[in-house]
Amino acid sequence: MNAIVPYLNFNGNAGEALAFYSKALNGAVEFQQTFGESPMEVPAEAKDFIMHATFRAGDLTFMVSDCMPGQPVAGGSNLSLSIHFTDLDSINKTFAALSEGGTVTMELQDTFWGARFGMLNDKYGFQWMFNYDYPKEG
């Protein structure tokens, strides 16, 4: 096995979210297909919805999809997306960008366990955790 890849579901605004994540996380959509581009029969209002997309920013990968009309997804509190950084500049910039329009639940700060850490809920309702482990002395 390689890794667990998060799959984010949206209520018709996956394309908007992908544009936001591309900017905030300095990444890109590697693949995207709408329901209308598939051989499936779908309601007219869902033709432009994202059936499947893959997003990548460095080693970070996640996938997204819109739900079909009448099958909405509700946000939950049982999952957080944790991003680990290799430098302070990146964690600071990414935290600021991803918090735009969202709610910071724990300010980005140096912690007693030797890391810079913070948490936020983005404007789409997803929970993110940010971590940078300071180099260990010794």
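Please refer to the structure higher up on the page.
In every chain, residue numbers begin from 1 and rise along the written sequence. Two thresholds apply to this predicted model, a pLDDT of at least 70 for residue-level local features and 80 or more for giving and counting side-chain atom pairs, whereas whole-chain, interface and lining totals are computed over all residues. Only hydrogens and water are set aside when side-chain values are computed; all heavy atoms of the structure are taken into account.

## A closer look at the pattern of salt bridges
1) Next: Here a salt bridge means any side-chain nitrogen of Lys or Arg lying within 4 Å of a carboxyl oxygen belonging to Asp or Glu. For the coordinates displayed, the defined rule picks out 3 salt bridges.
2) Next: Across the pair E30 and R56 runs a salt bridge whose closest N-O atoms are separated by 2.8 Å. With E30 in strand β2 (residues 28-34) and R56 in strand β3 (residues 50-57), this pair connects stretches of sequence that are 26 residues apart.
3) Next: Here the term buried applies to any residue with accessible area under 20% of the maximum for its type, exposed to any over 50%, and partly exposed to those in between, with areas from a 1.4 Å probe on protein chains only. Residue classification places R56 among the partly exposed residues on the basis of a relative accessible area of 33%.
4) Next: In this structure, D89 and K93 form a salt bridge, with 3.2 Å as the shortest nitrogen-oxygen distance. Of this pair, D89 and K93 both sit in helix α2 (residues 88-98), 4 residues apart, which is roughly one turn of the helix.
5) Next: The exposure class of K93 is exposed, given its relative accessible area of 55%. By definition, any uninterrupted DSSP run of H or I lasting at least four residues is a helix, any uninterrupted run of E lasting at least two residues is a strand, and each is numbered from the N terminus.

## Quick look at the sheet that holds β3
1) Next: Any two strands with at least two DSSP-identified bridges between them are counted as paired. The strand order across the open sheet formed by 4 strands is β1-β4-β3-β2, and the pairing between neighbours is mixed. What marks the edges here is a single partner per strand, and that holds for β1 (7-10) and β2. Strand-to-strand twist in this sheet, taken as the mean axis angle between neighbours without regard to direction, amounts to 15°.
2) Next: Pairing geometry for β1 and strand β4 (residues 60-66), over 4 bridges, is parallel. Bridging across to β4, F10 finds its partner in D66.
3) Next: Here, two residues are considered to be in contact whenever any of their heavy atoms come within 4.5 Å of each other. Interaxial angles span 0 to 180 degrees and are taken between N-to-C directions of axes, which are lines fitted to C-alpha atoms, for helices over the stretch in contact. In the packing of helix α1 (residues 14-24) onto the sheet, the strands contacted are β1, β2, β3 and β4, and the crossing angle to β3 comes to about 5°.

## Quick notes on the sheet that holds strand β5 (residues 80-85)
1) Next: Spatially, the 4 strands line up as an open sheet ordered β5-β8-β7-β6, and their pairing is mixed. Looking at strand neighbours, the two that pair on one side only are β5 and β6 (103-110), the edges of this open sheet. Averaged over neighbouring strand pairs, the angle between their axes works out to 15° when direction is ignored.
2) Next: Pairing analysis gives 7 bridges linking strand β7 (residues 115-121) to strand β8 (residues 127-133), with the strands arranged antiparallel. Looking at β8, one finds that M119 is bridged to M129.
3) Next: Against the sheet, α2 contacts β5, β6, β7 and β8, and its axis sits at roughly 165° relative to β8.

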